[in-house]
Amino acid sequence: MIEVLVSGLAGVVLGLSLAAPPGPMNAVIAEESVLRGWWSGFLAGLGAMTADACFFVLALAGVVAVVREAPVVRGLMVGVGGLLMLYFAYGAAQDATSTFTTDEVDEGAKGFRKAFALAITNPYQIIWWLTAGVGLLDPGRFDVLSGLPGSLTVSTGGPIIIVGFFAGIACWITGFPAALSAAGKRVDSFAPAVAYVSAGILALAGVSFVYDSVTTLV
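Residues numbered from 1 in each chain as written. Predicted model: local features only at pLDDT ≥ 70, side-chain atom pairs only at ≥ 80, totals over all residues. Heavy atoms only, no water.

Here we take up the overall build of the protein. From N to C terminus, the protein includes ten helices and two strands. Shown N-terminal to C-terminal, the secondary structure of the protein runs as helices and strands in the order α-α-α-α-α-α-α-α-β-β-α-α. Evaluated residue by residue, the protein yields a buried proportion of 44% over its 218 residues. Long-range contacts, defined as pairs at least 24 residues apart, comprise 82% of the intrachain contacts of the protein with a sequence gap of at least 6. Here the protein displays about 10,700 Å² of accessible surface, and carbon together with sulfur accounts for 73% of that area. (Helix = DSSP H or I, 4+ residues; strand = E, 2+ residues; numbered from the N terminus. Buried < 20%, exposed > 50% of the residue type's maximum accessible area, 1.4 Å probe, protein only. Contact = heavy atoms within 4.5 Å. Areas by Shrake-Rupley, 256 points an atom, 1.4 Å probe, with all protein chains shown as cover.)

What follows is the structure in structure tokens.
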């Protein structure tokens with residue numbers, strides 16, 4: 001029973017390690033949350049989570065390993081991702097000077113599509129699945145207290161750690177938009193500020209990814 005709990009918790013930590021770090025994906029979630037409300041922010045997070053589910057299936061099928069051995073394919077994906085980030089950075093800057101309402105259902109659906117498109121071409125997520133993701137799916141056991149008194153074993157490659165992994169992502173895409181949406185309602189200037197910051201993060205990431213793609217392909 002303890003091993004099951006520890007494996008599930010390890011999966012949650014892995015999910016948070018992918019979802020929580022600052023970057024383009026959280027910039028999109030933040031923008032949607034403060035400008036259009038929790039639901040739009042959650043849908044954006046769900047778009048990113050759906051992309052991870054696709055990577056999970058591709059990893060099971062062995063496609064992720066193929067991408068690791070094909071730098072041209074990776075370079076093209078990075079380039080597409082960079083161009084998308086620059087496009088969405090422009091949109092975020094425009095959003096900062098617009099008026100929004102939280103009942104714009106189409107905007108929430110747009111946030112889902114935007115986040116999914118970015119996530120499926122996001123080099124960070126691709127690299128994560130090429131490294132930690134492979135470890136997540138590879139059946140095995142390891143002691144997290146190795147070298148210390150006692151034993152605390154985590155089982156990888158099983159359903160418990162995988163369920164924990166997606167539960168960790170779900171916790172983040174639920175709680176992060178909720179916190180930002182609440183803050184945005186209390187401070188009128190918070191929403192456009194977050195939109196401008198999101199635009200800056202997306203623009204910097206886009207330039208970096210396009211440069212990485214060019215140096216890889218040329």
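Enumeration over the complete set of coordinates arrives at three salt bridges. The closest approach of N and O atoms between Lys114 and Glu31, which form a salt bridge, is 3.8 Å. One end of the pair, Lys114, is in helix α6 (residues 105–120); the other, Glu31, is in helix α2 (residues 24–36), and 83 residues separate them in sequence. With a relative accessible area of 9%, Lys114 lands in the buried category. With a shortest N-O distance of 3.5 Å, Lys114 and Glu32 are connected by a salt bridge. Taken as a pair, Lys114 in helix α6 and Glu32 in helix α2 lie far apart in primary sequence, 82 residues in all. Judged on exposure class, the residue Lys114 and its partner Glu32 are both buried. Within the structure, one salt-bridge network assembled from shared partners comprises Glu31, Glu32, Arg36 and Lys114. (Salt bridge = Lys/Arg side-chain N within 4 Å of Asp/Glu carboxyl O.)

The next thing to look at is the nonpolar core. Ranked by internal contacts, the top residues of the largest apolar core, which has 23 residues, are Met25, Val28, Met85, Leu118 and Leu202. Elements that contribute at least two residues to this core include exactly α2, α3 (38–61), α5 (71–95), α6, α9 (159–186) and α10 (190–217). Looking at this core, the element that brings in the most residues is α2, giving seven residues. Residues contacting Val28, with those up to four places away along its chain left out, are Ala44, Lys114, Ala115, Leu118 and Leu202. Formed by 20 residues, the second largest nonpolar core is a distinct cluster that contains Ala19, Phe56, Trp128 and Val154. (Core = buried A, V, L, I, M, F, W, Y, C linked by side-chain atoms within 4.5 Å.)

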